[in-house]
Amino acid sequence: MAELGEQRSPPSDRDGDDDIITEAASVVHGEPPQDETGPPKVDSEVEVLHEKVKKQIMKEGHGQKPSKYSTCFLHYRAWTESTQHKFEDTWHEQQPLELVLGKEKKEMTGLAIGISSMKSGERALLHVGWELGYGKEGSFSFPNVPPMADIVYEVELIGFDETKEGKARSDMTVEERIGAADRRKMDGNELFKEEKLEAAMQQYEMAIAYMGDDFMFQLFGKYRDMALAVKNPCHLNMAACLIKLKRYDEAIAHCGIVLAEDEDNVKALFRRGKARAELGQTDAAREDFLKARKYAPQDKAIARELHLLAEHDKAVYQKQKELYKGLFGARPDPKPKPKNWLILIWQWLLSLFYRLFKRQRQKAD
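Residues numbered from 1 in each chain as written. Predicted model: local features only at pLDDT ≥ 70, side-chain atom pairs only at ≥ 80, totals over all residues. Heavy atoms only, no water.

(A) Geometry of the nonpolar core. Ranked by internal contacts, the top residues of the largest apolar core, which has 51 residues, are M211 and I302. Of all the secondary structure elements, the ones that give two or more residues to this core are α3 (174-193), α4 (197-210), α5 (213-216), α6 (221-244), α7 (248-261), α8 (266-278), α9 (282-295) and α10 (300-323). Listed in part, the 25 residues of the second largest apolar core include L74, L101, L132 and F160. (Core = buried A, V, L, I, M, F, W, Y, C linked by side-chain atoms within 4.5 Å. Buried < 20%, exposed > 50% of the residue type's maximum accessible area, 1.4 Å probe, protein only. Helix = DSSP H or I, 4+ residues; strand = E, 2+ residues; numbered from the N terminus.)

This is the structure:
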């Protein structure tokens, strides 16, 4: 098996160089960006990048900064500063933005200034004046931004491609895009082997960005198969990283994307099952594992997870049995009711009068 995302390949197969296995791997703690009602509160130093652009670093990045005409891949949320209304969120859409520095749209000018000051993996809060945002008129289509609205961005630079000519994805041939995505995937696999999970995820996200929905909708036949052979393993590898980072909901989402294309993908079923089990969704996890076992009946990892679920169910049953033992146990013997002596005396007198009456009647006869 050469690819982690290959159809119906067992999750514990370790033959391929690109395969990523989560079993028996160390757990690394991490936190996804928090989706609050408004921009996050940041107390780091304010850096003035431009008269209308200020930056506060939330998480340090690594490596070099992008230069002009670099193709940058980023996630961001955007709020209007006065009303705290969020009008855009690429994390929620699971679709990174591609931005070529020096060729950005006019309303992205302030964002581009901020991005040019960042390193790969860096997350920052940007305050952008309306002059470098949606301007005096604002935007009444999508996104809906009022006139003269200052903007707050929470942005993360996933990574960038350094190209002198600033060639965007839309200008690449199909083969070029698939090749660029595959190189990112391979780089991500090497970083994963070194336990650099965050850096690996950045590479996978950049690879996925080359294979966006707008691109996939145009592909048919062998070209679609070629693209999926790169895209699906990236989603599965993202899920592997996210499970190790204990970000189970995100892992489930990436597995779901693969299963939408290939409903019998064993690795997607297995990893979604693991994430669901960690969230306590035992019935849904068992369903995933049983379906995965249908296509990989000899796989020990699947059998182990099913055994763990069975042990969990047994423990829960025993706990419930102890908890309700008194409620559903044998009924206690009924206690004798206390005697009422007045009633007993009254009953004795009645029987005495009845016997005397009967005796007198017999004499009369």
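(B) Main features of the UniProt feature "repeat: TPR" (unreviewed entry) in the chain. Mapped onto this numbering, the UniProt entry gives "repeat: TPR" (unreviewed entry) at residues 266-299. For residues 266-299, helix accounts for 79% and strand for 0%, while the C-alpha atoms at its two ends are 10 Å apart. (UniProt positions renumbered as here; feature names shortened; annotations may be inferred.)

(C) Molecular detail of α9. Taking 1.5 Å per residue, 14 residues should reach 20 Å; α9 reaches 20 Å between its end C-alpha atoms and fits that length. Of the positions making up α9, those classed as buried are T282, A285, D288, F289 and A292. Looking straight down α9, one finds that the buried residues subtend no more than 125° of arc, so they occupy a single side. In α9, the exposed positions angled more than 90 degrees off the buried face are occupied by D283, E287 and K294. Turning to α9, the residues buried within the fold contact α8 and α10. (Expected span 1.5 Å × (residues − 1). Arc of directions from axis to C-beta. Contact = heavy atoms within 4.5 Å.)

(D) Representation of the packing of α9 against α10 in the model. Following both chains from N to C, one finds α9 and α10 inclined at 150°, their axes separated by 10 Å at the closest point. With respect to α10, the element α9 is oriented roughly antiparallel. Of the two elements, α9 crosses α10, and the hand of that crossing is left-handed. Between α9 and α10, the contacting residues are T282, A285, R286, F289, L290, A292 and R293 on the first element and I302, E305, L306, L309, H312 and D313 on the second. Grouping the amino acids of the contact of α9 with α10 by side-chain chemistry returns seven nonpolar, two polar and four charged. (Axes fitted to C-alpha atoms, helices over the stretch in contact; angles between N-to-C directions. Parallel < 35°, antiparallel > 145°, perpendicular 65-115°, else oblique. Left-handed = near helix turned anticlockwise from the far one by under 90°. Nonpolar A, V, L, I, M, F, W, Y, C, P; charged D, E, K, R; others polar.)

(E) Quick look at the pattern of salt bridges. Following the criterion strictly, the structure yields 22 salt bridges and no others. Here E131 and K52 are joined by a salt bridge, their closest N and O atoms 3.3 Å apart. With a gap of 79 residues between them, E131 in the loop between β6 (123-128) and β7 (151-161) and K52 in the loop between β1 (47-50) and β2 (53-59) connect regions that are remote in the sequence. Judged by its relative accessible area of 29%, K52 falls in the partly exposed class. Here E156 and K59 are joined by a salt bridge, their closest N and O atoms 3.5 Å apart. Here E156 is found in strand β7, whereas its partner K59 is found in strand β2, with 97 residues between them in sequence. On the basis of relative accessibility, which here comes to 10%, the residue E156 falls in the buried class. A network of salt bridges, in which partner residues are shared, links R77, K86, D89 and E154. (Salt bridge = Lys/Arg side-chain N within 4 Å of Asp/Glu carboxyl O.)

(F) Focus on the packing of α4 against α6. Contact pair α4 / α6: the axes reach a minimum separation of 9 Å and the direction vectors enclose 155°. The orientation of α4 with respect to α6, classified from their angle, is roughly antiparallel. For the pair α4 and α6, the sense of crossing is left-handed. Only C234, H235, N237, M238, C241, L242 and K244 of α6 make contact with α4, whose side of the interface consists of L197, A200, M201, Y204, E205, A207 and I208. Partitioning the contact of α4 with α6 into residue classes produces 10 nonpolar, two polar and two charged.

(G) Representation of the packing of aromatic side chains. For the structure shown, the criterion picks out four aromatic pairs. Between F73 and Y210 the ring centres are 5.2 Å apart and the planes differ by 55°, which places this aromatic pair in the tilted class. Residue F73 is located in strand β3 (residues 71-80), and its partner Y210 is located in helix α4; the two are separated by 137 residues in the primary sequence. The residues F73 and Y210 share a single accessibility class, namely buried. Across from the ring centre of Y223, 5.3 Å away, lies the NZ or CZ of K222, which sits over that ring. (Phe/Tyr/Trp six-rings, centres within 6.5 Å; stacked < 30°, edge-to-face > 60°. Lys NZ or Arg CZ within 6 Å of the ring centre and 35° of its normal.)

(H) Focus on the pairing of β2. Pairing analysis gives three bridges linking β1 to β2, with the strands arranged antiparallel. The residue bridging H50 from the neighbouring strand is V53, located in β2. Counting the residues that bridge the hairpin from β1 to β2 gives two residues. Pairing analysis gives six bridges linking β2 to β6, with the strands arranged antiparallel. Its bridge partner being in β6, I57 is matched across the sheet by A124. (Pairing = 2+ DSSP bridges.)

(I) Representation of the confidence of the model for the chain within the structure. With 83% of its residues at a pLDDT of 70 or more, the chain has an overall mean of 83. Note that residues 1-7 has pLDDT below 50 and, in this model, 30 contacts with residues that lie over four places away or in other chains. (pLDDT = per-residue confidence, 0-100.)

(J) Structural view of α7. Taking 1.5 Å of rise per residue, the 14 residues of α7 would be expected to cover 20 Å, and the 21 Å separating its terminal C-alpha atoms lies within 8% of that figure. Looking only at α7, the buried set comprises Y248, A251, I252, H254, C255, V258 and L259. What you see down the axis of α7 is that its buried residues fit within an arc of 165°, all on one side. Exposed residues pointing more than 90 degrees away from the buried face of α7 are listed as D249 and A260.

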